[in-house]
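The chain contents come next:
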Amino acid sequence: MQEGHRKAIIARTKRLVVKVGTGVITTREGFLDMQQVGNLSTQLVELRNKGYEVVAVSSGAIGAGIGELGMKKRPTTLPELQAAAAVGQSKLIGAYDDYFKVHGYHAAQILLTREDLEDRRRYLNISNTIAKLLRMKVIPVINENDTVSVEEIAFTDNDTLAALVTNLLKAELLIMLSSVDGLYKDPAHKEIIPVVDEVNETIESLAFNSKTDLGTGGMHSKLQAARVATSSGEAVIVANGRTPHILIKIMQGEPLGTLFLPTTERLQSRKRWIGFTLRPKGRIYVDKGASEALSSGKSLLASGITQIEGDFERGDVVSLLCDKEEFAKGLSNYSSEELNKIKGQPSSQIARLLGTKPYDEVVHRDNMVLL
Ligand code: GLU
């Protein structure tokens, strides 16, 4: 049954995002591991030649800049991290380009910040540009724009970026290559779980700290990324990037790494953006009845709202919670100030309470994603 899943996932994959972790392509001394960049580049080209639309999300800018700048270990201050990233990124993209060139392909450097993905126009532009590149002899290589995205270096990681890129491109499969074989059942025995149906608390408890010295990820961030992609209807595989021919073997259906199955139908692009790319500006708490209605496909009305948190405007993304648990996200038709006046009230009272009633629904089901 489970291996059948894997075959079905591979068979439906047309577009593929491959995330390469720092530990996979850099050395402990802080340089690029050229042999590894070469191995992976050749595999990316091979998959492309087999007809897959391949996009890489590659870390390693900081990891490669460390040695170049004569630093002894990964620095801890932001300016030093940014300096290392600025120097290392050119080495990184240059190395991919050199290897791709041998096979007649170019590397396209795309550096993104979280803000780029949150802006709807830029989001669509990025998606159009990548779609165009995929029709040329080009393999896009994406990384965070580390020198400008201060928060990114300090708080997030390329696993999240890779999941958001997977969502943006509606890629059917995200392969995250790291220094471990997959999600371990038990770290002592190094036995991995072949298939995960859902990233729940039990699965999260297995994310022991597997961070490398040079990267920023670890299993915890991989599970979060897997949750984002699988909740949008795509599949994720976490595997060891140093296993020879790993990408080719995975795409031939070999049972390597941990496969995370999609937990829903494939969502439309706009819903992915609302549900996972935009960060919520506030919280709306609803009662049980409303949460059940929403789960069965209805819109949120003011009558089901019990409490509002945060300061948000009309059109902002909000989290929807019931019993303190977040179960959906959506665009609010009303500001937090307005909602504080109409919460718990029937829609017929909105015009009287606010002097205007642009919508019956507080969050329309078309603008909502169940988590
Ligand atoms: N963007 C960073 C780099 O290229 C890596 C971030 C991460 O490892 O998650 O070095």
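Heads up: the structure comes first, above all this text.
Residues numbered from 1 in each chain as written. Predicted model: local features only at pLDDT ≥ 70, side-chain atom pairs only at ≥ 80, totals over all residues. Heavy atoms only, no water.

### Quick look at the overall build of the chain
What the chain contains, in helices and strands, is 16 helices and 17 strands. By the compact-globule yardstick of 21 Å for 371 residues, the chain fits well, its C-alpha radius of gyration being 22 Å. Projected onto the principal axes, the alpha-carbon positions of the chain cover approximately 70 × 50 × 45 Å. Expressed as a percentage of its 371 residues, the buried residues of the chain come to 54%. In the chain, 73% of the contacts between residues at least 6 apart in sequence involve partners at least 24 apart. As displayed, the chain offers around 16,500 Å² of accessible surface, 50% of which is attributable to carbon and sulfur atoms. With 46 positive and 45 negative side-chain charges, the chain shows a spacing of 4 Å between the two charge centroids. (Helix = DSSP H or I, 4+ residues; strand = E, 2+ residues; numbered from the N terminus. Rg over C-alpha atoms; globule rule 2.2 N^0.38 Å. Buried < 20%, exposed > 50% of the residue type's maximum accessible area, 1.4 Å probe, protein only. Contact = heavy atoms within 4.5 Å. Areas by Shrake-Rupley, 256 points an atom, 1.4 Å probe, with all protein chains shown as cover. Lys, Arg positive; Asp, Glu negative; His and termini not counted. Charge placed at Lys NZ, Arg CZ, Asp CG, Glu CD.)

### Thoughts on unusual backbone geometry
In the Ramachandran plot, K170 falls in the positive-phi region, its phi being about 50° despite a non-glycine side chain. Along the chain, the position of K170 falls in the loop between α9 (158-169) and β5 (173-178). With a relative accessible area of 33%, K170 lands in the partly exposed category.

### Overview of the packing of aromatic side chains
For the structure shown, the criterion picks out two aromatic pairs. Here Y96 and F100 contribute two aromatic rings whose centre-to-centre distance is 5.9 Å and whose plane-to-plane angle is 35°, an arrangement assigned as tilted. Residue Y96 and its partner F100 are both found in helix α5 (residues 78-102); the two are separated by four residues, about one turn of the helix. Across the pair, F100 and Y96 agree in class, each one buried. Ring plane angle 50° and centroid distance 6.1 Å describe the contact between Y123 and W273, whose orientation is recorded as tilted. Residue Y123 is found in helix α7 (residues 120-134), and its partner W273 is found in helix α13 (residues 269-277); the two are separated by 150 residues along the sequence. The two residues Y123 and W273 agree in class, both being buried. The aromatic ring of W273 is capped on one face by R120, whose charged end is 4.7 Å from the ring centroid. (Phe/Tyr/Trp six-rings, centres within 6.5 Å; stacked < 30°, edge-to-face > 60°. Lys NZ or Arg CZ within 6 Å of the ring centre and 35° of its normal.)

### As for the sheet that holds strand β17 (residues 368-370)
Pairing within the open sheet is mixed, and its five strands lie in the order β13-β11-β14-β15-β17. Looking along the sheet, the strands with just one partner apiece sit at the ends: β13 (305-310) and β17. In this sheet, neighbouring strand axes are inclined to one another by 25° on average, regardless of whether the strands run parallel or antiparallel. Direction of pairing for strand β11 (residues 282-286) relative to β13: antiparallel, over a ladder of five bridges. Following the sheet pairing, G282 is matched in β13 by G310. Strands in contact with α13 are β14 (317-322), β15 (325-331) and β17; relative to β15, the strand with the most contacts, it is inclined by about 130°. (Pairing = 2+ DSSP bridges. Axes fitted to C-alpha atoms, helices over the stretch in contact; angles between N-to-C directions.)

Remember that the coordinates give geometry; whether it matters functionally is a separate question.
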